[in-house]
Amino acid sequence: MKDILLEILYILAGLVSIITAIYALKDKKHPSPKGTALFWGIFGLIFILGKLLPSVIVGVLLLVMGVLAAMNKVAFGSLKNSDEAFRKKSEKILGNKLFIPALAIGITAFAIAQAFPKRLGGLVGLGTGAIVSIILCLAITKSEPKNIAYDGSRLLQQVGAACILPQLLTALGALFNAAGVGEVISVGILGVIPQGNILAGVIAYCLGMAVFTMIMGNAFAAFAVITAGIGMPFVFSQGANPAIAGALGLTAGYCGTLMTPMAANFNIVPGAILETKNKNRVIISQIPFGIVLFITHIILMYTLAF
């Protein structure tokens, strides 16, 4: 059941990319219609047929996407957002109802993950939450369904090639772990951290998670590598509670997420949606909070995990 639902969600995600490719081709004012259409078309094809395609073919297609992005062939077209006057008028009419669809995503995902943890899981819940959110959006705003495709395409083109970073970085994290990067890090840390120093181990674990997450853009990708290289030999082996130290180690990585453009879905997408002049405006605003949270993680792990 879970696999079937996931495949349906992947197909829906692929169709969004295919629609984006069609919009790019039809856009007469688009600066790079063919390159953009090819990029999003390939992305959609991988989502829809990825399970059936040989891994070598998928790898080649990803390389093609990378070349298109590197050659600046993936661009934003002339799709326009609704004018500011209309948005302000709608804001006054709808008020806080605008937050209902956004909240519905998290609530639905959490509810499904809690009700069917093994049969469905969080990913199915997240996809279902997105569908519920779209339905609520149409019901609350009384907008036409065709706007879903239009605005979805506009947003994807605005974000651009950075949209695929989460998937690529997660795969890179798995590759690093399989290649034994954690062991290399562990050997390097041995010459720096004194044996038996709990505080030094905690600082190294949290710092390693934050820095590696900045590089990878994804705390999940960093977690396996840094936990194997630093967490196990310098924190867990000294008597730390695995549940507490592991949870805080993961969220320490998210302190790094707040401070890196590599976390495209967290930091670049909001900037694109808000159309900020500085694409790193979100990151700049988050850095002070990220530093405070990072220090807090060290204190909590040192006091609670031992």
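Residues numbered from 1 in each chain as written. Predicted model: local features only at pLDDT ≥ 70, side-chain atom pairs only at ≥ 80, totals over all residues. Heavy atoms only, no water.

Visitor: An account of the side chain of H30 is requested, with residue identities and associated values reported.
Guide: Relative to the helices and strands, H30 resides in the loop between α1 (2-26) and α2 (33-49). Among the polar contacts listed, one links the side chain of H30 to the backbone nitrogen of S32, at a separation of 3.0 Å. At 3.5 Å, the side chain of H30 forms a polar contact with the backbone nitrogen of G77. Setting aside chain neighbours within four positions, we find H30 in contact with A24, T36, A75, F76, G77 and Q157. (Helix = DSSP H or I, 4+ residues; strand = E, 2+ residues; numbered from the N terminus. Polar contact = N/O pair within 3.5 Å; in protein donor to acceptor, adjacent residues only side chain to side chain. Contact = heavy atoms within 4.5 Å.)

Visitor: Could you give me a rundown of the environment of V132, with the residues and numbers involved?
Guide: Mapped onto the fold, V132 is located in helix α6 (residues 122-141). A sequence separation of 89 residues divides V132 from A221, and the C-alpha atoms of the two residues are 29 Å apart. Aside from chain neighbours lying at most four places away, what touches V132 is A104 and T108.

Visitor: Tell me what's going on with helix α5 (residues 99-115), and back it up with residues and numbers.
Guide: An α-helix turns once per 3.6 residues; consequently, residues spaced three or four apart project the same way. Here α5 is 17 residues long and its end C-alpha atoms lie 24 Å apart, about the 24 Å a rise of 1.5 Å per residue gives. For α5, the elements touching its buried residues are α6. (Expected span 1.5 Å × (residues − 1).)

Visitor: Residue-level account of the nonpolar core, with values.
Guide: Ranked by size, the top nonpolar core spans 28 residues in total, and within it Y205, C206, I230, A245 and M301 carry the most contacts. Of all the secondary-structure elements, those providing two or more residues to this core are α10 (198-216), α11 (219-234), α12 (242-257) and α14 (281-304). With nine residues, α10 is the largest single contributor of residues to this core. Residues in contact with C206, not counting those within four places in the same chain, are A252, F294, H297, I298 and M301. (Core = buried A, V, L, I, M, F, W, Y, C linked by side-chain atoms within 4.5 Å. Buried < 20%, exposed > 50% of the residue type's maximum accessible area, 1.4 Å probe, protein only.)

Visitor: Any chance you could break down the environment of A252 for me, citing the residues and the numbers?
Guide: Position of A252 among the secondary structure elements: in helix α12. Using a relative accessible area of 0% as the deciding quantity, one classes A252 as buried. Along the primary structure A252 and K26 are separated by 226 residues, whereas in three dimensions their C-alpha atoms are 45 Å apart. When residues no more than four places from it in sequence are discounted, the contact partners of A252 are C206, M209, A210 and H297.

Visitor: Which residues make up the packing of α5 against α6, and what are the values?
Guide: The geometry of α5 relative to α6 is characterised by a closest axis approach of 7 Å and an angle of 150 degrees between their N-to-C directions. Overall, the two elements α5 and α6 adopt an arrangement that is roughly antiparallel. Taken as a pair, α5 and α6 cross one another with a handedness that is right-handed. Between α5, through I100, P101, A102, A104, I105, T108, A109, I112 and A113, and α6, the contact on the second element is made entirely by G122, G125, L126, T128, G129, A130, V132, S133, L136, C137 and I140. Of the residues assigned to the contact of α5 with α6, the class counts are 14 nonpolar, six polar and no charged. (Axes fitted to C-alpha atoms, helices over the stretch in contact; angles between N-to-C directions. Parallel < 35°, antiparallel > 145°, perpendicular 65-115°, else oblique. Left-handed = near helix turned anticlockwise from the far one by under 90°. Nonpolar A, V, L, I, M, F, W, Y, C, P; charged D, E, K, R; others polar.)

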